Structures are given as structure tokens and as C-alpha cells.
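# Chain and residue survey
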Amino acid sequence: MLIKRPSDIKPSEITDPETYAKRREFLKAAAALGVGGLIGGPVSALVTPSGQGVPMRGLVDTTHGDGLALTSYDDITSYNNFYEFGTGKEDPARYAHQLKTRPWSVVVDGECEAPGTIDIEEILKRFPQEERIYRLRCVEAWAMVVPWVGFPLSSLLSRFKPTSKAKYVAFETLVDPQQMPGQKRAVLDWPYREGLRMDEAMHPLTILGTGLYGELMPNQNGAPLRLVVPWKYGFKSIKSIVRISFTFNQPTTTWWESAPHEYGFYANVNPEVDHPRWSQARHRMIGEGLFSRKHPTLMFNGYADQVADLYRGMDLTKFY
Ligand SMILES: Nc1nc2c(c(=O)[nH]1)N[C@H]1C(S)=C(S)[C@@H](COP(=O)(O)O)O[C@H]1N2
Ligand SMILES: [Mo]
């Protein structure tokens, strides 16, 4: 594969001409309005590959999160949690190249009329790739702004025709200790499992991530397919998914199973409910340095307008 350095690549080479033209117009309009300065990097950085991955074509910018300063590609891909490759933040970047992401397929089963298997190539071809920017904050009290490439989980789920008994959606990561050396130790009960209530899963802000910074998902970030739920703590966003099941009962989730008093099923970002061992009222931004000022954490990570209705009437100190 030919790899070009970012400086060698013109945006027009990796974006179709129409999108490119629209982007030029948008950039001009943004410059005229003087909003360019709010954006962390040049807008074209969203589709300018790092040169380290495989560029994706025909991406559409949803303008979600426009104005947020993006975390750098290097920070997003070198400071990760992915226990299948070790418990250290640098382990995924060091070991995740061992994961073979092709061929790859996802089994969809449980309470649905049309269970089946879907191949990653089909997912990449069939579902509209929309470039989106989300802020992903983690329970470790650090946050990043990632220009994810992904599409709403609901588009994929609908194809399998969930029945009225489908109250939850459960997810599982691959188990293969040969490729994922962290699984040789029982630090967690493999496979890594996560779950959402059906209405959360169908929410348009819940996306299946297939890439970032305009390139296919780096292995350490959960290739080839991972969940992104921007109003929840990082651990809900399960990586390298091989199975999605519709269930009637609330599914068991990995972190809840390992420490139920610390990690709940909902895990909504909530500055008013502290983790038993630390405050969740403030967070640091990755890339600003270890001694940087902390930022106040917002309810539902700033997405309250879009998602607060899902939890109307629930006691969020109980359903943490
Ligand atoms: N399969 C799997 N998914 C996972 C994890 C993991 O260890 N294994 N870690 C979670 C946690 S704790 C966080 S904070 C995010 C980190 O995602 P990122 O590395 O892309 O920032 O992935 C989540 N998804
Ligand atoms: Mo996390």
C-alpha cells in the first residue's frame, strides 16, 4: 500500500469533487463569519488522513460538534483503554497491530425477526458514512474530541427487524488470546460486554464508528467497528464488536460485573454523581498537559438537550 504523508495529500485527492467543492464554500463562509478561529485545526483536517491509515471516500460532514477543538490524531491513537491488549494506556498502541480486522463479521441475533451475520465490507459499503465529531469523556476524568467516522447504530439494527420483546441491545468484543494478548490474563471476564436500552440504541447520536480523522478505524481505537455513545462514560463504547444481540432482560456488562458499586449500566456522564473513588465534576482534556486547568463536566456530556428525555422520571443517583 502506498502511504503518503499528510503534507503530500491534497484534500481533493481523497474527497469526491462535489464534497470538496462544498467544503471549500463552507470554509470561505466560515472565514467570512470569522468562526474559523473557534475550530481546533483546519476544517479540512477532518478528511485529511494522518497518512498512517486507509483513507475513506465519500465522507459527509454532519457539522456535529463544529467549533470544538479536536484532539490530535497522535493523542487519540496513543492514549487508549483496550484491556484486550493490556491495562496500560500505551499498551493498545503497542500491541493492537496484532489484531486481524479482515475478514470480519458481526453476528446479529436474539429478539428479532431476521437474525443473521453481516460482513464488515458490506457495512462499509451499505451504510452512509457520515463524518461526525463527538466529545468522548471517560470515567478516568479525561476527555478527547474525536472526529469519528460512523453511522447511526439504528440503521444497522432496523435491518434485523427487532421484535417488541427487544428491550435492550447487548454487544460483545472478539475473544482470541492469540491476537489479543491481554486476554491471557483474567483481568476482566472476557468477552468484553456492553449494553444499551433499546431507546438509547436507536437514538441518532448513538453511532457505530468505522473510522476517525477520515481514515478506517485504527486498531487501538476498536477496529473495524466500535460503538460511540457520546453522552456516556468511555467504557460504554465497546470496541472490535463481533456480536450484537437483542434481549428482553437487561444484559450483563463487563465493568458492572467487575465492580457493580462503581460502574452502573447507564453510565451517563453526570457531574453530580461521583464515582465512589473520585469526583466526576471536572475533567482534563488530553493534549492540554498533565498540569493543565480542569474543565467543568457537563450533564450528559453537553448533550442534555438531545438525550435528557430518555431518562425523564428516573433517579439518576440510583441508575448511575
Ligand atoms: N473491547 C473493549 N472495548 C473498550 C475498552 C476495552 O478495554 N475493551 N475500554 C473502554 C474504555 S474504559 C474507554 S475509556 C474507551 C476508550 O476508547 P479510545 O481508546 O478510542 O479513546 O474504550 C472502551 N471500549
Ligand atoms: Mo474508560
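Summary of the structure given here. (Residues numbered from 1 in each chain as written. Chains lettered and ligands numbered in written order. Predicted model: local features only at pLDDT ≥ 70, side-chain atom pairs only at ≥ 80, totals over all residues. Heavy atoms only, no water.)

## Focus: the pairing of strand E7 (residues 148–152)
Counting buried residues along E7, five of its five residues qualify, which places the element largely inside the surrounding structure. Where E7 meets strand E10 (residues 207–212), five bridges bridge the pair, whose relative direction is antiparallel. Across the sheet, residue Phe-151 finds its bridge partner in E10, namely Leu-208. (Buried < 20%, exposed > 50% of the residue type's maximum accessible area, 1.4 Å probe, protein only. Helix = DSSP H or I, 4+ residues; strand = E, 2+ residues; numbered from the N terminus. Pairing = 2+ DSSP bridges.)

## Observations concerning the packing of aromatic side chains
Counted according to the given criterion, the structure contains 12 aromatic pairs. Note on Tyr-83 and Trp-255: the rings are 5.4 Å apart at their centroids and 75° apart in plane angle, and the pair reads as edge-to-face. Linking Tyr-83 in the loop between helix H3 (73–78) and helix H4 (91–95) with Trp-255 in helix H8 (residues 254–258), this pair joins segments that are 172 residues apart in sequence. Using a relative accessible area of 21% as the deciding quantity, one classes Tyr-83 as partly exposed. Among the residues examined, Trp-255 registers a relative accessible area of 16% and is labelled buried. On the numbers, 4.7 Å between centres and 5° between planes, the contact of Phe-127 with Phe-151 is stacked. Taken together, the residues span a long stretch of sequence, with Phe-127 in the loop between helix H5 (120–126) and strand E4 (130–131) and Phe-151 in strand E7 at a distance of 24 residues. (Phe/Tyr/Trp six-rings, centres within 6.5 Å; stacked < 30°, edge-to-face > 60°.)

## Details of the sheet that holds strand E13 (residues 241–247)
With mixed pairing, five strands are arranged side by side in an open sheet as E3-E2-E13-E8-E9. Of all strands in the sheet, those with a lone pairing partner are strand E3 (116–119) and strand E9 (193–197), marking the two edges. The average angle at which neighbouring strand axes cross in this sheet is 20°, direction not considered. The pairing of strand E2 (residues 105–110) with E13 spans four bridges and is classified as parallel. Considered in E13, the bridge of Gly-110 is made with Phe-246. (Axes fitted to C-alpha atoms, helices over the stretch in contact; angles between N-to-C directions.)

## Observations regarding the side chain of His-203
By the element assignment, His-203 lies in the loop between helix H7 (198–201) and E10. On the basis of relative accessibility, which here comes to 11%, the residue His-203 falls in the buried class. Once you skip the residues sitting within four places of it in the chain, His-203 turns out to touch Trp-231, Gln-306, Val-307 and Leu-310. (Contact = heavy atoms within 4.5 Å.)

## Here we look at the environment of Gln-129
Inspection of the secondary structure puts Gln-129 in the loop between H5 and E4. On the basis of relative accessible area, Gln-129 is assigned to the buried category, the value being 10%. Distance in space between the C-alpha atoms of Gln-129 and Gly-211 is 9.4 Å, their sequence separation being 82 residues. For Gln-129, the residues in contact, after removing those within four places along its chain, are Met-56, Gly-58, Leu-59, Val-60, Ile-123, Leu-124, Val-149, Gly-150, Phe-151 and Thr-210. A polar contact is formed between the side chain of Gln-129 and the backbone oxygen of Phe-127, at a distance of 3.1 Å. (Polar contact = N/O pair within 3.5 Å; in protein donor to acceptor, adjacent residues only side chain to side chain.)

## Quick notes on the site of ligand 1
Taken together, 15 residues are adjacent to ligand 1, and Asn-80, Tyr-83, Glu-84, Ser-237 and Lys-239 come closest. Within the contact set of ligand 1, an oxygen atom lies 3.0 Å away from a side-chain nitrogen or oxygen of Arg-226. A distance of 2.6 Å is found between an oxygen atom of ligand 1 and a side-chain nitrogen or oxygen belonging to Lys-239. Protein coverage of the free-state accessible area of ligand 1, which is 540 Å², stands at 98%. (Near = heavy atom within 4 Å. Areas by Shrake-Rupley, 256 points an atom, 1.4 Å probe, with all protein chains shown as cover.)

## A look at the pattern of salt bridges
Enumeration according to the criterion identifies 13 salt bridges in this entry. Between Arg-102 and Glu-121 there is a salt bridge; the shortest N-O distance is 2.8 Å. Taken as a pair, Arg-102 in the loop between H4 and E2 and Glu-121 in helix H5 lie far apart in primary sequence, 19 residues in all. The salt bridge partner of Asp-189 is Arg-193, with a shortest N-O separation of 3.9 Å. Looking at Asp-189, the relative accessible area reads 40%, which means it is partly exposed. Connected through salt bridges with shared partners, the residues Glu-122, Arg-126 and Arg-159 form a single ionic network. (Salt bridge = Lys/Arg side-chain N within 4 Å of Asp/Glu carboxyl O.)

## Points about the environment of Gln-178
Relative to the assigned elements, Gln-178 resides in the loop between strand E8 (168–173) and E9. Separated by 79 residues in sequence, Gln-178 and Leu-99 place their C-alpha atoms 8.9 Å apart.

## A word on the pairing of E3
As paired strands, E2 and E3 are joined by four bridges and run antiparallel to one another. Looking at the pairing, Val-106 lines up with Ile-118 of E3. The antiparallel hairpin formed by E2 and E3 contains five residues in its connecting segment.

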